[in-house]
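# Structure assessment
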Amino acid sequence: MGDHLAARLLITSLMGMAMIGGGDAKAAGPDNFNGDARRGADLVKNYHCGGCHDIPGVAGADGNVGPPLHRIGTRTYIAGYIQNSPDNMAAWIEDPQRALPGNAMPSMGISQKDARDIAAFLATLK
Ligand code: HEC
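Calculation rules
- Residues numbered from 1 in each chain as written.
- Predicted model: local features only at pLDDT ≥ 70, side-chain atom pairs only at ≥ 80, totals over all residues.
- Heavy atoms only, no water.
- Helix = DSSP H or I, 4+ residues; strand = E, 2+ residues; numbered from the N terminus.
- Buried < 20%, exposed > 50% of the residue type's maximum accessible area, 1.4 Å probe, protein only.
- Contact = heavy atoms within 4.5 Å.
- Areas by Shrake-Rupley, 256 points an atom, 1.4 Å probe, with all protein chains shown as cover.
- Core = buried A, V, L, I, M, F, W, Y, C linked by side-chain atoms within 4.5 Å.
- Near = heavy atom within 4 Å.
- Polar contact = N/O pair within 3.5 Å; in protein donor to acceptor, adjacent residues only side chain to side chain.
- Nonpolar A, V, L, I, M, F, W, Y, C, P; charged D, E, K, R; others polar.
- Donors = N, O, S within 2.8 Å, 3.2 Å for Na, K, Ca; no water.
- Salt bridge = Lys/Arg side-chain N within 4 Å of Asp/Glu carboxyl O.

Going by the annotation in an unreviewed UniProt entry, the name recorded for the chain is Cytochrome C, with Bradyrhizobium manausense given as the source organism.

Encoded structure:
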């Protein structure tokens, strides 16, 4: 018996989390992608993505090792190869070396949750 109930509780609590995420996160992507864009912006600072990227709205993020992330939210391809979608962006951030082996961005050991929040933030750059 327990399985169905547990699944329902999980779905209910996930829906709750998505709603707590608030307006910004919702605006960042499709309804089924519940990353927290505001938390993602803080994570971008903490992970020092700006050491390698110029990122609008992130203080001190003026690196020039990788491409600037201006308007990355509307870009067609990630790294010129991967169709840009919230899921693909999260996968890229979580492990760019798995997403596109041999590219110049190092895998930084970022968790799936953090990667999704960062992807939600990047989706706001239009
Ligand atoms: C050590 C330098 C370095 C760090 C740190 C780094 N990146 Fe990158 N990143 C790169 C390079 C180099 C590329 C270009 C890869 C390519 O196009 O083959 C890249 C590509 C990207 C792209 C695709 C850009 C495009 O124009 O297609 C995104 C998005 C991105 N990085 C986000 C991030 C985020 C978010 C972080 C922090 C969690 C981060 N990067 C940290 C070097 C870095």
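Back to the text.
Moving on, we come to the overall build of the chain. The helix and strand tally for the chain stands at six helices and two strands. Ordering the α and β elements of the chain from the N terminus gives α-α-α-β-β-α-α-α. The buried share among the 126 residues of the chain stands at 32%. The long-range fraction of contacts in the chain, counting pairs at least 24 apart against all pairs at least 6 apart in sequence, stands at 45%. Entry remark: accessible area of the chain is about 7900 Å², with carbon and sulfur atoms responsible for 58%.

Quick look at the nonpolar core now. Grouped together as the largest cluster of nonpolar side chains are 27 residues, with contacts concentrated most on Ile55, Met89, Trp92, Ile93, Phe121 and Leu122. Sorting the residues of this core by element identifies helix 3 (37–46), helix 4 (86–94) and helix 6 (112–122) as the ones contributing at least two each. Among all residues touching Met89, those that are not within four sequence positions of it are Ile72, Ile78, Asn84, Ala119 and Leu122.

Once that is clear, we can look at the site of the ligand. The ligand sits among 22 residues. The nearest are Cys49, Cys52, His53, Arg75 and Met105. Within the side chain of Arg75, one N or O atom sits 2.6 Å away from an oxygen atom of the ligand. Here an oxygen atom of the ligand and a backbone polar atom of Ala79 are 2.6 Å apart. Of all the secondary-structure elements, those providing two or more residues to the shell around the ligand are strand 1 (77–78), helix 4 and helix 6. Taken together, the residues that form the shell around the ligand break down as 18 nonpolar, three polar and one charged.

Turning to the coordination of the iron atom of the ligand, a few remarks are in order. Protein-derived ligands of the iron atom of the ligand are His53 (NE2) and Met105 (SD), with the metal-ligand distances lying across 2.0 to 2.2 Å. With relative accessibility at 12%, the residue His53 sits in the buried group.

Let us now look at the pattern of salt bridges. Should their charged atoms come close, side chains of opposite charge can pair. The final tally for this structure, using the stated rule, is five salt bridges. Here Lys113 and Asp117 are joined by a salt bridge, their closest N and O atoms 2.9 Å apart. Taken together, the residues span about one helical turn, with Lys113 and Asp117 both in helix 6 at a distance of four residues. With a relative accessible area of 1%, Asp117 lands in the buried category. Connected through salt bridges with shared partners, the residues Arg39, Lys113, Asp114 and Asp117 form a single ionic network.

With that settled, consider the environment of Leu122. If you trace the backbone, Leu122 turns up in helix 6. For Leu122, the residues in contact, after removing those within four places along its chain, are Leu69, Ile72, Gly73, Met89 and Ile93.

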